[in-house]
Amino acid sequence: MFKTLLLALASTSLLLAGSANAEEPSDASLVLLTENFPPYNMAKNGKNFAKDENIEGIAVDIVRETFKRAGISYNLTLRFPWERIYKLALEKPGYGVFVMARLPDREALFKWVGPIGPDDWVLLAKADSKIQLTDLEHARRYKIGAYKGDAIAETLEKQGLNPVVALRDQDNAQKLVEGQIDLWATGDPAGRYLARQVGVTQLKTVLRFNSAQLYLALNKDVPDEVVSKLQAALDQLRDEGVIDQIMARYL
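Rules and cut-offs
- Here the residue numbering is sequential within each chain, running from 1 through the sequence in written order.
- With the structure being a predicted model, the display of local features is reserved for residues of pLDDT at least 70 and the display and counting of side-chain atom pairs for 80 or more, all residues being used for whole-chain, interface and lining totals.
- Hydrogens are left out, water is left out, and the side-chain values use all remaining heavy atoms of the structure.
- Per-residue accessibility, obtained with a 1.4 Å probe over protein chains only, is compared with the maximum for each type, and a residue is labelled buried under 20%, exposed over 50%, and partly exposed between these values.
- A helix here means a DSSP run of H or I that spans at least four residues, while a strand means a run of E at least two residues long, and both kinds are numbered starting from the N terminus.
- Directions from the helix axis toward the C-beta atoms define the arc.
- Here, two residues are considered to be in contact whenever any of their heavy atoms come within 4.5 Å of each other.
- Each reported salt bridge corresponds to a side-chain nitrogen of Lys or Arg within 4 Å of a carboxyl oxygen of Asp or Glu.
- Whether two aromatic rings pair depends on their centres lying within 6.5 Å, for rings of Phe, Tyr and Trp, where Trp uses its six-membered ring; planes under 30 degrees apart make the pair stacked, over 60 edge-to-face, and the rest tilted.
- Two strands are said to pair when DSSP picks up at least two bridges between them.
- Angles here are taken between N-to-C directions and fall from 0 to 180 degrees, while the axes themselves are lines fitted to C-alpha atoms, restricted in helices to the stretch in contact.

Chemist: Outline helix H8 (residues 242-250), listing residues and values.
Modeler: Of all the positions in H8, only Val242, Ile243, Ile246 and Met247 are classed as buried. Projection of H8 onto a plane perpendicular to its axis shows the buried side chains occupying an angular sector of 135°, all on one side. H8 presents Asp244 and Ala248 as exposed residues on the side facing more than 90 degrees away from its buried surface. On its buried face, H8 is in contact with helix H2 (58-70), strand S7 (111-126) and helix H7 (224-239).

Chemist: Which residues make up the pattern of salt bridges, and what values do they have?
Modeler: Once the charged atoms of two side chains with opposite charge are near each other, the side chains can pair. Evaluated as defined, the whole model comprises 14 salt bridges. We note a salt bridge from Arg249 to Asp61, for which the minimum N-O separation is 3.0 Å. Residue Arg249 is found in helix H8, and its partner Asp61 is found in helix H2; the two are separated by 188 residues along the sequence. Residue classification places Arg249 among the exposed residues on the basis of a relative accessible area of 56%. Accessibility expressed as a relative area gives 13% for Asp61, which makes it buried. For Glu225, the salt bridge goes to Lys229, with nearest N and O atoms at 3.8 Å. Highlighted residues: Glu225 and Lys229, both in helix H7, separated by 4 residues, approximately one helical turn.

Chemist: Tell me what's going on with the packing of aromatic side chains, and back it up with residues and numbers.
Modeler: Per the counting criterion, the structure on display carries 7 aromatic pairs. With a centroid separation of 5.4 Å and 75° between ring planes, the pair formed by Tyr86 and Phe110 is classed as edge-to-face. With Tyr86 in helix H3 (residues 82-91) and Phe110 in the loop between strand S6 (95-101) and S7, this residue pair connects regions lying 24 residues apart in the sequence. Summarising the burial analysis for this pair, Tyr86 and Phe110 share the class buried. Among the aromatic residues, those joined into a cluster by ring pairs are Trp82, Tyr86, Phe110, Trp112 and Tyr215.

Chemist: A description of the side chain of Asn41 should follow, citing residues and the corresponding values.
Modeler: Residue placement: Asn41 occurs in the loop between strand S1 (30-34) and strand S2 (42-43). Setting aside its immediate chain neighbours within four residues, Asn41 contacts Thr34, Glu35, Asn36, Glu56, Gly57, Ala59, Val60, Phe98 and Val99.

Chemist: Tell me about the sheet that holds strand S3 (residues 50-51), and please be specific about residues and values.
Modeler: Within the open sheet, the 9 strands sit side by side as S3-S5-S1-S6-S11-S7-S10-S8-S9. Their pairing is mixed. Looking at which strands have only one partner, the edges of the open sheet turn out to be S3 and strand S9 (164-166). Judged from the 5 bridges that link them, S7 and strand S10 (residues 183-188) form a sheet pairing that is antiparallel. Across the sheet, Val122 pairs through a bridge with Thr186, a residue of S10. Where H3 meets the sheet, it contacts S1, S6 and strand S8 (144-147), and its direction lies at approximately 125° from that of S6. Of the strands in this sheet, S6, S7, S8, S9, S10 and strand S11 (203-218) are in contact with helix H4 (residues 151-158), which crosses S10 at around 130°.

Encoded structure:
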């Protein structure tokens, strides 16, 4: 009798397990992370933590449409600082982070979906600044502010320009106005958008030194099939003009 009961319980367990597996989605849900990087990603309340529908921006809208078109589920969190979410996406299977510049040093670390949008790199100065530059080498004599952990800051550091880094990029706008730094290395249009948010408008571009494309970077353990579906969906949205429509809503 006891043996019969054990066999019955085992059969029931197998049936339940089979039923549960049948209900799982074909593509596991991805965990997507982003940061406040207007106008591409931003919390609606302006804070450094938000989830799902409380996040907006050009890249956020594009990513949402891409995942919807690809039929892949996800959850989205905006948090701070960048270095933390970068590390999570790098180390945790099923995680991704956006938007990220696709640099040679990062190429083999992630799987990539994009491009989502452009991000030119510029050196900004106060409107009345006398600084004139023809290339990045001539900026070496000045104190340059940048965003800690950002690709721009990393590039300047590798070239020996030793930028003064800040935990929030918009803090560099105020530092520039107050004379704590001579130049602000940031993205365009992101830098000007951030400056306006803290009441700084009188800035000018003294050098445009790089053009980058921004991507969704996925952990290397994300299946190639998922990456391919997302890339195909994004390409389709671009061909249909949806991405241009999204950008026009913000710029």
